[in-house]
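# Chains, contacts and geometry: an overview
Next come the chains, spelled out residue by residue.
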Amino acid sequence: MMNTYKIAVIPGDGIGKEVVPAAIEVLDSIAKLDGNFKFEWTYFPWGCDYYLEHGEMMPGDGLETLKQYDQIFLGAVGMPELVPDHISLWGLLIKIRRGMKQSINVRPAKLLAGLQSPLKNPQNFDITVVRENSEGEYSDSGGRIHTGEDEIAIQNAIFTRKRTERAMRYAFELAKSSRKHVTSATKSNGLTYSMPFWDEVFNVVKKDYPEIDTSVQHIDALAAFFVMKPQAFDIIVASNLFGDILTDLGGAIMGSIGIAPAANLNIEREYPSMFEPVHGSAPDIAGLGIANPIGQIWTGKMMLDFLGHYHAGTRILTAIEKTLSSGVKTGDLGGTATLEEVKNTVINYL
Ligand code: ATP
Ligand code: MG
């Protein structure tokens, strides 16, 4: 049976407008080759241009509109010279992540064939970071009182059992289907309420997965280890702040932020999930046709995986690795290829 997926496309700003159409071409090509599914793309011109014209990043009923689609495919948002970051971020990205209850953020960090990691002795590493995406240290709770030298700022971290457990279960389910080891990022020697709670929930959840090896590491040591010996990790489950930091580190050790993919998942599938690369709108190179499309293409592979088309997803990643190994690379990876050349080479290798 032929599956047709209705995808809401938000190219957004800067290089998002270039890498999204490139990735869509790759996804349409693999759909044709596979023959079991196809995509129906609907474009939404939301983002900073839309804001400059309408005074909002997306229409008031935008979230309701998005709920009618299977998934959301997003490029990048931000035009820091004309629109303050807090408006572009909270008016679109965070609004969708929270509105669609995308409470899990997944970001792989893997050394691709044909790429050079800036690490001294990079071994083959293949890590997936599962980050709690909706609460934790990034809560809106807190305040400021007094002024001058008596001034106090308070930022509360909020950990609910439900969402903590959900992130951990997702990490264990991933480990069950593909790999063996789950590492929990903690800091229960310094944070006296939130992280002991985090550890406690981890201990409860792991009992349901006796076949999976686990370890618990404090985030400071873990971060050092992540750079010194990334091949020691499989799946890492982390809070919102810890996961945020680890995944940027992940992009760095892979060789360029231009290749790092990400998914914001609503794992209950009650609302669409959103697939967006780690990189931003890169205004410094926007419009030049030299942006690296691999982050967006790999993000498309994550969408295919989430839709259950693992074989098609693997074909995309293999084509990406063949492209890089053949030396067709954009400037961020030390090459001279254009976006168009990289995209066409990936399609040829599918
Ligand atoms: P944002 O605030 O939107 O996250 P940013 O300014 O923090 O954006 P990026 O937009 O990701 O970060 O840009 C950081 C640097 O990486 C820039 O120099 C940019 O040109 C480069 N870069 C980002 N993405 C790519 C890409 N796909 N290809 C090539 N270079 C990229
Ligand atoms: Mg920025």
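Residues numbered from 1 in each chain as written. Chains lettered and ligands numbered in written order. Predicted model: local features only at pLDDT ≥ 70, side-chain atom pairs only at ≥ 80, totals over all residues.

## Digging into the site of ligand 1
- Lining the immediate environment of ligand 1, one finds 16 residues, of which G78, G258, H279, G280 and N292 sit closest.
- Residues belonging to the shell around ligand 1 are distributed by class as follows: 6 nonpolar, 8 polar and 2 charged. (Near = placed C-beta within 6 Å. Nonpolar A, V, L, I, M, F, W, Y, C, P; charged D, E, K, R; others polar.)

## Examining helix α1 (residues 16–34)
- Over its 19 residues, α1 extends 26 Å from the first C-alpha to the last, a length consistent with the 27 Å expected when each residue adds 1.5 Å.
- Those residues of α1 that are buried lie in contact with β1 (3–12), β2 (37–43), β3 (71–76), α9 (294–306), α10 (310–325) and α11 (339–349).
- Where α1 ends, the next residue or the one after it, G35, has phi of about 85°, a positive value. (Helix = DSSP H or I, 4+ residues; strand = E, 2+ residues; numbered from the N terminus. Expected span 1.5 Å × (residues − 1). Contact = placed C-beta atoms within 7 Å.)

## Some thoughts on the packing of α1 against α10
- Where α1 contacts α10, the two axes come as close as 10 Å, and the packing angle between them is 125°. Viewed along their axes, α1 and α10 adopt a mutual orientation that is oblique. Crossing geometry of α1 relative to α10 is assigned as right-handed. Counting all contacts with α1, which are made through V26, I30 and D34, the residues of α10 involved are A312, R315 and I316.
- Broken down by class, the residue content of the contact of α1 with α10 amounts to 4 nonpolar, no polar and 2 charged. (Axes fitted to C-alpha atoms, helices over the stretch in contact; angles between N-to-C directions. Parallel < 35°, antiparallel > 145°, perpendicular 65-115°, else oblique. Left-handed = near helix turned anticlockwise from the far one by under 90°.)

## Things to note about the domain arrangement of the protein
- The domains assigned to the protein are domain 1 (1–104 + 260–350) and domain 2 (117–254).
- Computed from C-alpha coordinates alone, the two centres of domain 1 and domain 2 are separated by 25 Å.
- Taken together, the contact between domain 1 and domain 2 spans 9 residues of the former and 12 residues of the latter.
- Tallied by class, the residues present in the side of domain 1 that touches domain 2 amount to 4 nonpolar, 3 polar and 2 charged. (Domains from an automatic or database assignment.)

## A word on the sheet that holds strand β8 (residues 181–186)
- One open sheet holds the 10 strands; their spatial order is β2-β1-β3-β12-β11-β4-β5-β10-β8-β9, and the pairing between them is mixed. The open sheet terminates on both sides in strands that have one partner only, identified here as β2 and β9 (213–218). Across the sheet, the axes of successive neighbouring strands diverge by a mean angle of 25°, strand direction being ignored.
- Here strand β4 (residues 104–110) runs beside strand β11 (residues 263–265); their pairing, made up of 3 bridges, is antiparallel. Bridge assignment links I104 to a residue of β11, and that residue is L265. (Pairing = 2+ DSSP bridges.)

## Some remarks on the pairing of β1
- The pairing of β1 with β2 spans 7 bridges and is classified as parallel. Along β2, the bridge assignment pairs N3 with F37.
- Across 5 bridges, the pairing between β1 and β3 is parallel. Across the sheet, the residue bridging to G12 is A76, located in β3.

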